[in-house]
Amino acid sequence: MKINITFWLKSLGYFLLFLLVIALFYGAGGWYQARNDADELRQIAKDMADNGLGINDLGSNQSGGNRSTFIIKVEDPNFLNHNGVDFSTDGAGATTITQSLAKRLAFSNFKPGYQKIRQTGYALGLETKLEKNEIFILFLNTAHMGPYPTGWVKGFHRASRLQYRKPASQINDEEFIALLSVMITPAQLRLDQPNAELEERIKRITKLLEDQCTPLDHSDVWLEGCA
């Protein structure tokens, strides 16, 4: 039986185009959802800031700068400049701060894979309606920080009070960096159960913040360049 190569190539092309259109609609759904959610999210961010859970409540580092820069440099180095996604900055990884927030807001149970499309659409939508400081406050207070005796903890400020019995503005830089270190994988790196992996993470972040090293490439979220 003679195989019609042209027919099958055209069929494959139409099928791939069909998948592309579906993906675009799926991502656009996230974009529209984010824009619809924006007014409520803006108010939530304002309420958080008004109740001592804002950027200025992170305190100052030893040089007098706001310690939000610590979090941004580790979690999303180009956060202040990108539109919700980042495919090139060294150390950024596959998920920006905005995409991380989108994962928590747009899904009850996010699964890696095709849901990344809607996650990215939601992140892009957030960036069109919210200010960077609003996105950062929401990210900060929904961040997973790991298990504590009271249960699974979300929020950097809350974790500070549980771990150190002090608000984030009153802990020192070393304690702040320790909290920041667990954010990459809070179920594995726990301050109540310190291990060599956590200590190494803390050392690498400290070197990065002191400009003693740089990430190897875009995917180097574990800071192998600072090992």
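Residues numbered from 1 in each chain as written. Predicted model: local features only at pLDDT ≥ 70, side-chain atom pairs only at ≥ 80, totals over all residues. Heavy atoms only, no water.

Note: strand 1 (residues 144–148) against strand 2 (residues 151–154), four bridges, orientation antiparallel. Paired with Pro147 across the bridge in strand 2 is Trp152. Adjacent in sequence and paired antiparallel, strand 1 and strand 2 are bridged by two residues. (Pairing = 2+ DSSP bridges. Helix = DSSP H or I, 4+ residues; strand = E, 2+ residues; numbered from the N terminus.)

Attention now goes to the state of the cysteines. A disulfide bridge is the covalent bond that connects two cysteines by way of their sulfur atoms. Applying the stated criterion to the full structure yields one disulfide. Between the sulfur atoms of Cys213 and its disulfide mate Cys226 the distance is 1.9 Å. In this structure, the disulfide formed by Cys213 and Cys226 twists by about 90 degrees around the S-S bond and is classed as right-handed. Taken together, the residues span a long stretch of sequence, with Cys213 in the segment after helix 8 (196–209) and Cys226 in the segment after helix 8 at a distance of 13 residues. Classification of Cys213 as buried rests on a relative accessible area of 12%. (Disulfide = S-S within 2.5 Å. Buried < 20%, exposed > 50% of the residue type's maximum accessible area, 1.4 Å probe, protein only.)

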